[in-house]
Amino acid sequence: GDAGVLPRYAAKDFALLDGRTKELSSEEYTKLSKEFGQNSNQILSELFENQDFFSLDAEMQAAMIEDVYKYSLDLAKDDVSGNSFLQDGDATLELFDSGFPVSTYFLTKAQLDSFTGEGSTQQKRDALFAMDGMSGEEKNEFAKLYFDSEKEIDYSNADTYAMTQLSDAGQSKYNRVEGLGYDVQKYAELYPIAAASEKKAIVISNLMAAGLTEAQAMEFYRRIKKQDWDE
């Protein structure tokens, strides 16, 4: 129905940004209930029509539904309070204002949230890049919404994804070795090795372990480490 069922934690009052408490009248609570129901029902209906939702385990499905409820309720609270509940920059507002498909966002979020612990940010980025069913542009938009302080990583294709994960210096130095036949993805693998703050002998050894001959490793190292490059 239009009203839906409010989560059990939704009281008839809630704190506003300025610290005041918003006491809901019966009319306002009815409006809150209706907006919450409409928002959550629409998003959940779209999720339940997506087979990817049913490929997730029960715990992930439950977490996703909880996310949808919170998103829908926060939007309703902000509307009923005259935009005095959510502050600028809040994730809920950013998602709403972005126009990004909300059901797609929460489905993708649930899949990436399964990666936790050390190295999980890179695992999440790799998983996002590998996902089918989303364009590079959609992945870029999702990344801006999902990752905290997301660096300008471009998920458009394998080359842009590899290159934009490098530092600015790393990206700018590709022209030094491009003529030697290194493609973008190989360069993105080798550059962090060559740029490491290790003794030269160790770096050369590591470059050789990555597949270069000693001569190739020496030349790659020279071109990356040289301060003034005008060749």
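Check the entry above for the structure.
A short tour of the structure in this document, coming up. (Residues numbered from 1 in each chain as written. Predicted model: local features only at pLDDT ≥ 70, side-chain atom pairs only at ≥ 80, totals over all residues. Heavy atoms only, no water.)

## Examining the side chain of Asp78
Mapped onto the elements, Asp78 comes out in helix 3 (residues 58-80). Notably, Asp78 is buried but unbridged: the nearest opposite-charge side chain belongs to Lys77, and the N-O separation is 11 Å. One polar contact links the side chain of Asp78 to the main-chain amide nitrogen of Leu86, over a distance of 2.8 Å. Excluding residues within four positions of it along the chain, Asp78 makes contact with Asn83, Ser84, Phe85, Leu86 and Leu93. (Helix = DSSP H or I, 4+ residues; strand = E, 2+ residues; numbered from the N terminus. Buried < 20%, exposed > 50% of the residue type's maximum accessible area, 1.4 Å probe, protein only. Lys, Arg positive; Asp, Glu negative; His and termini not counted. Salt bridge = Lys/Arg side-chain N within 4 Å of Asp/Glu carboxyl O. Polar contact = N/O pair within 3.5 Å; in protein donor to acceptor, adjacent residues only side chain to side chain. Contact = heavy atoms within 4.5 Å.)

## Some words on the pattern of salt bridges
Two side chains carrying opposite charge are able to pair once their charged atoms lie near each other. Tallied over the full model, the rule gives nine salt bridges. Measuring nitrogen to oxygen at the nearest pair gives 2.9 Å for the salt bridge that ties Asp67 to Lys109. Here Lys109 lies in helix 5 (residues 102-113) and Asp67 lies in helix 3, a separation of 42 residues in the sequence. Residues Lys186 and Glu189 are paired through a salt bridge, measuring 3.3 Å at the closest nitrogen-oxygen approach. You can see Lys186 and its partner Glu189 sitting in helix 11 (residues 184-194), three residues apart, about one turn around the helix. Judged by relative accessible area, Lys186 falls into the partly exposed class, the value being 25%. For Glu189, a relative accessible area of 39% translates into the label partly exposed. A cluster of three or more residues bridged by salt bridges with shared partners is formed by Asp67, Lys109 and Asp113.

## Regarding the side chain of Lys124
Among the secondary structure elements, Lys124 is positioned in helix 6 (residues 120-130). Buried and unpaired, Lys124 has Asp113 as its nearest opposite-charge partner, separated by 4.4 Å. Among all residues touching Lys124, those that are not within four sequence positions of it are Leu112, Asp113, Phe115, Tyr146 and Phe147.

## Remarks on the environment of Arg222
Its place among the elements puts Arg222 in helix 13 (residues 214-225). Its relative accessible area of 32% is what places Arg222 among the partly exposed residues. In this structure the C-alpha to C-alpha distance between Arg222 and Val177, which are 45 residues apart in sequence, comes to 10 Å.

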